Amino acid sequence: MEKCYKGRALKPMKQNPSKKGSIERGSTNRKRRLDGQRSSSTRRSKRHENRNTKEKQNSATILSWLIDSQIVPESATIYYTGATTQAGFKKGTLERNGILCTCCHCIFTIRDFHVHAGGKVCDDPYEAIGIDRIRGDGSITPLSQFMETALRNRNEPEHHGIKHIPTKGFGDDVYDDACILCADGGNLICCEECSSTFHVKCLGMKVVPDEPYYCAYCACKICGMPVIKRDSSSLSCSLCEKQYHVKCSNESLTIDVNRFPRAFCDKSCRKVHEKLESKIGMKRELQDGLSWTLLHRFDKEYGSYEVMASKRLECYSKLAVSFRLLTACFEPIKDRHTRINMIRNVVYNCGSHYQRINFSSFFTGILEKGDEIIAVATIRIHGTNLAEIPFIATAERHRNKGMCGKLLNGIEHDLRDFGVSTMVIPSSSETIRVWNEKYGFQLLSERTKKQIMKLNTLMFHDCIRMQKTVTGYPNSFDRSL
Ligand SMILES: [Zn+2]
Ligand SMILES: [Zn+2]
Ligand SMILES: [Zn+2]
Ligand SMILES: [Zn+2]
Ligand SMILES: [Zn+2]
């Protein structure tokens, strides 16, 4: 407690005359580029443009990612290793968008080639298909090993676990330079417990409070009193991330021998979390050969949790491909205080001890056709009231075909199933009309504004938040359950 009072006495208000937001971008002209809308004023450097042109032609697939990471050579010969008879033996050529079969000259997805070659649908194609390389003794190295190698690259998800991210260049100033709610600077009040800062007006207050201020993540979600973190008398909810006193909640810890225990502040958070978890890695078929899947990095906390372990490699690899797709669509976004790459940390759901940049409960939704990822969206659910979708983008070569809408529909369908009522996005002023006319988003209602005051949602300087009530809510969800 001593630290808190000292912090408050020395620094009751944070002065930041530069009025800069906490998010720094490569260009002030950056816009969120949506499906069906190309931003002509988003300029990249020559180097970026060259890279971008190359990325436009490439399809966002695991094979393309392995080729670009220089893990496998383009046009390498691919073998199916699972055949028991000579008749079942198939080989093909590795291409960016699939495998070109030698026998029929058709391009197959990895999974379809596996079946075409006689593999069982339930078997792992990344294990059964491989390349005659590296060992030089004629033995085949399965694709899964190349994926493991690619993931060991320092930019990939394997390297971005929960860790303490140090602030740079700000001395002992641990407080944020920008309001967590609007991402703007100026006169800010600091939380007694964490590094978050706020504008008085963003909190809906008229004057600076006399008492020490505890933000919504440092006070018990149930009784509202401050919680002392890392104290066994309080827990953090695995879904909404809010703290609560153990004595205030009726929910008990979920213990599973293979995993870390999970805590939930109430029944609805537990229910959403259970449903959400059951959907990870599950491919949902849509029309026209499209499908959509929710991805999440589940780290070592899942231990030997079997279903997850078998999907881990494919899931991580697709997250790496998704990160590349989003990177090609947005100007670089760095957190001003910590210099972290925001898109990467969100897609790889990296945690942090700083609440503002703790992205551990983010999920990534992908729309696929065959092996190609066409559109990507990042989602975080803050309990049953609200889900935020800070990034959504369609690969350049698939724009103007309604792909973004198809992915949003899939997400909305799940949110309805989870019992979540509202989706919130940050929009630049130029894209408000598109979000409204094409996707039915509106400016925030007073009720949502009040809810957001108590939430840690990702916000960008100069953006405006918009909301949409999940279609069909609450009729299709029995709230009495
Ligand atoms: Zn064939
Ligand atoms: Zn603010
Ligand atoms: Zn706080
Ligand atoms: Zn309490
Ligand atoms: Zn909760």
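Quick caveat: nothing in here was measured; it's all calculated off a predicted structure. Each chain carries its own residue numbering, running from 1 in the direction its sequence is written. The order in which chains are written sets their letters, starting at A; the order in which ligands are written sets their numbers, starting at 1. Local features are withheld for residues below a pLDDT of 70 in this predicted model, meaning they are given only at 70 or higher, and side-chain atom pairs are given and counted only at 80 or more; totals for whole chains, interfaces and linings count all residues. Heavy atoms throughout the structure, all of them, feed into the side-chain values; hydrogens and water do not.

Asks: Looking at this structure, I do not really get the overall build of the protein. What am I missing?
Replies: When you go through the protein residue by residue, the secondary structure sums to 12 helices and 22 strands. Between two residues, a contact is recorded if the distance between any of their heavy atoms is within 4.5 Å. Sequence-distant contacts in the protein: of pairs separated by 6 or more residues, those separated by 24 or more amount to 60%. Accessible surface computed for the protein: about 22400 Å², of which carbon and sulfur atoms make up 51%. The way it works is that DSSP assigns letters per residue, a run of H or I at least four long becomes a helix, a run of E at least two long becomes a strand, and they are numbered from the N terminus. A 1.4 Å probe and the Shrake-Rupley method give the accessible areas. Residues count as covered only by the protein chains that appear here.

Asks: Sorry if this is basic, but what is going on with the coordination of the zinc ion (ligand 4) here?
Replies: Note on metal geometry: ideal angles are 109.5 degrees for four donors arranged tetrahedrally and 90 or 180 degrees for six donors arranged octahedrally. Here the zinc ion (ligand 4) is held by Cys220 (SG), Cys223 (SG), His245 (ND1) and Cys248 (SG), and the distances to it run 2.1 to 2.3 Å. Around the zinc ion (ligand 4), the four donor atoms are arranged such that angles at the metal cover 99 to 120°; this shape is classified as tetrahedral. Mapping the donors of the zinc ion (ligand 4) onto the primary sequence gives the spacing C-x2-C-x21-H-x2-C. With Cys220 in the loop between strand 10 (197-198) and strand 11 (234-236) and Cys248 in the loop between strand 12 (243-245) and helix 7 (267-279), the pair connects residues that are 28 residues apart, well separated along the chain. The buried label applies to any residue whose accessible area, calculated with a 1.4 Å probe on protein chains only, is under 20% of its type's maximum; exposed applies above 50%, and partly exposed to all values in between. Judged by its relative accessible area of 3%, Cys220 is buried. For Cys248, a relative accessible area of 23% puts it in the partly exposed group. For Na, K and Ca the donor cut-off is 3.2 Å, while for other metals it is 2.8 Å, and in both cases only N, O and S atoms qualify; water is not among them, so sites may look incomplete. All geometry calls rest on donor angles, where a four-donor set with angles between 85 and 135 degrees is tetrahedral, four- and six-donor sets with opposite donors more than 155 degrees apart and all others between 65 and 115 are square planar and octahedral, and all else is irregular.

Asks: In this structure, what is going on with the sheet that holds strand 5 (residues 98-101)? I would like to understand it.
Replies: A pair of strands counts as paired when DSSP detects no fewer than two bridges linking them. The strand order 6-5-4-3-7-8 describes an open sheet built from six strands, whose pairing is antiparallel. The outermost strands of the open sheet, each flanked by one partner alone, are strand 6 (107-108) and strand 8 (141-142). Two strands pair when backbone bridges link them, and strand 4 (residues 91-95) and strand 5 are joined in this way by four bridges, in the antiparallel orientation. For Glu95, the partnering residue across the bridge sits in strand 5 and is Gly98.

Asks: What is the right way to look at the coordination of the zinc ion (ligand 1) in this model?
Replies: Those donors, Cys101 (SG), Cys103 (SG), Cys104 (SG) and His116 (NE2), are the protein atoms that reach the zinc ion (ligand 1), and they lie 2.1 to 2.3 Å from it. Coordination at the zinc ion (ligand 1) is tetrahedral, judged from the four donor atoms that bind it and the angles of 98 to 122° they form at the metal. Here the donor residues of the zinc ion (ligand 1) share one chain and are spaced in sequence as C-x1-C-C-x11-H. Taken together, the positions of Cys101 in strand 5 and His116 in helix 4 (residues 110-116) put the pair 15 residues apart, joining distant regions of the chain. Given the relative accessible area of 0%, Cys101 is considered buried. For His116, a relative accessible area of 29% gives the class partly exposed.

Asks: When you look at the environment of Thr149 in this model, what are you seeing that I'm missing?
Replies: Considering the arrangement of structural elements, one finds Thr149 in helix 6 (residues 143-151). Between the C-alpha atoms of Thr149 and Ser69, which are 80 residues apart in sequence, the distance is 9.8 Å.

Asks: Would you mind going over the side chain of Ser317 with me for this structure?
Replies: As for its placement among the helices and strands, Ser317 is situated in helix 8 (residues 306-329). Here a polar contact is taken to be a pair of N or O atoms separated by no more than 3.5 Å, where protein atoms must pair a possible hydrogen donor with a possible acceptor and residues adjacent in sequence count only if both atoms sit in side chains. A distance of 2.8 Å separates a polar atom in the side chain of Ser317 from the backbone oxygen of Leu313.

Asks: Any chance you could explain the packing of helix 7 against helix 10 (residues 403-418) here in plain terms?
Replies: Packed helices, taken two at a time, are described by the angle their axes make and the gap between the axes. The N-to-C vectors of helix 7 and helix 10 enclose an angle of 140°; their axes lie 9 Å apart at closest approach. Classified by the interaxial angle, the pair formed by helix 7 and helix 10 is oblique. Of the two elements, helix 7 crosses helix 10, and the hand of that crossing is right-handed. Residues Val272, Lys275, Leu276 and Lys279 of helix 7 form the contact with helix 10, whose participating residues are Asp414, Asp417 and Phe418. Taken together, the residues that form the contact of helix 7 with helix 10 break down as three nonpolar, no polar and four charged. Convention adopted: a line fitted to C-alpha atoms gives each axis, helices being fitted over their contacting stretch, and angles between N-to-C directions are expressed from 0 to 180 degrees. Under this scheme an angle from 65 to 115 degrees is roughly perpendicular, one under 35 degrees roughly parallel, and one over 145 degrees roughly antiparallel; angles in between are oblique. Two helices cross in a left-handed way if the nearer one is turned anticlockwise from the farther one by less than a right angle. They cross in a right-handed way if the turn is clockwise. In this count, Pro and Cys sit with the nonpolar residues alongside Ala, Val, Leu, Ile, Met, Phe, Trp and Tyr, while Asp, Glu, Lys and Arg are called charged and the others, Gly among them, polar.

Asks: Which parts of the structure should I look at to understand the pattern of salt bridges?
Replies: As a working rule, side chains carrying opposite charge can pair if their charged atoms are close by. A pair is scored as a salt bridge if a Lys or Arg side-chain nitrogen falls within 4 Å of a carboxyl oxygen belonging to Asp or Glu. Under the defined criterion, the tally for this structure stands at 21 salt bridges. Among the salt bridges present, the one from Asp176 reaches Arg356, with a minimum N-O distance of 2.0 Å. Taken together, the residues Asp176 in the loop between helix 6 and strand 9 (188-190) and Arg356 in the loop between helix 9 (342-347) and strand 16 (362-369) connect sequence positions 180 residues apart. Look at Asp176 and you get buried, because its relative accessible area is 3%. Residue Glu437 is joined to Arg433 by a salt bridge in which the shortest nitrogen-to-oxygen separation is 3.2 Å. On the criterion of helical spacing, the pair formed by Glu437 and Arg433 is a turn pair, its members being four residues apart in helix 11 (residues 432-439). Several salt bridges share partner residues, and in doing so they unite Arg111, Lys283, Glu314, Lys318 and Glu368 into one network.

Asks: Would you mind showing me how to read the nonpolar core here?
Replies: In summary, soluble globular proteins display a tendency toward joint burial of nonpolar side chains. Among the nonpolar cores identified, the biggest contains 105 residues, and Trp65, Leu66, Leu143, Ile381, Ile389, Phe391 and Leu415 are the most heavily contacted of them. It is helix 8 that contributes the most residues to this core, 10 residues altogether. Among the domains, domain 1 (70-152) and domain 2 (279-469) are the pair contributing at least three residues each to this core. Counting 21 residues, the second largest nonpolar core, distinct from the first, contains Ile180, Cys191, Tyr217 and Cys218. Each nonpolar core is a collection of buried residues, namely Ala, Val, Leu, Ile, Met, Phe, Trp, Tyr and Cys, held together in the definition by side-chain atoms within 4.5 Å. Domain delimitation follows an automatic or database domain assignment.

Asks: How do you make sense of the pairing of strand 5 when you look at a structure like this?
Replies: Sheet faces and side chains relate simply in a regular strand, where the side chains alternate between the two faces. Between the end of strand 4 and the start of strand 5, which pair antiparallel, lie two residues. In this sheet, strand 6 lies alongside strand 5 in antiparallel orientation, the contact comprising two bridges. Within the sheet, the bridge partner assigned to Ile99 lies in strand 6 and is Phe108.

Asks: Got a minute to help me understand helix 6 in this structure?
Replies: The periodicity of an α-helix, 3.6 residues per turn, causes residues three or four places apart in sequence to face the same way. Burial in helix 6 covers these residues: Leu143, Ser144, Phe146, Met147, Ala150 and Leu151. Along helix 6, the residues classed as buried sweep out an arc of 160° about the axis, all on the same side. Here the arc refers to the directions that run from the helix axis out to each C-beta atom.

Asks: Would you mind showing me how to read unusual backbone geometry here?
Replies: Generally, phi is negative for residues other than glycine and the peptide bonds are trans, each holding for most cases. Phi at Gln70 takes a positive value of approximately 60°, unusual for a residue other than glycine. Within the element layout of this structure, Gln70 appears in the loop between helix 3 (62-68) and strand 3 (77-80). Looking at Gln70, the relative accessible area reads 72%, which means it is exposed.

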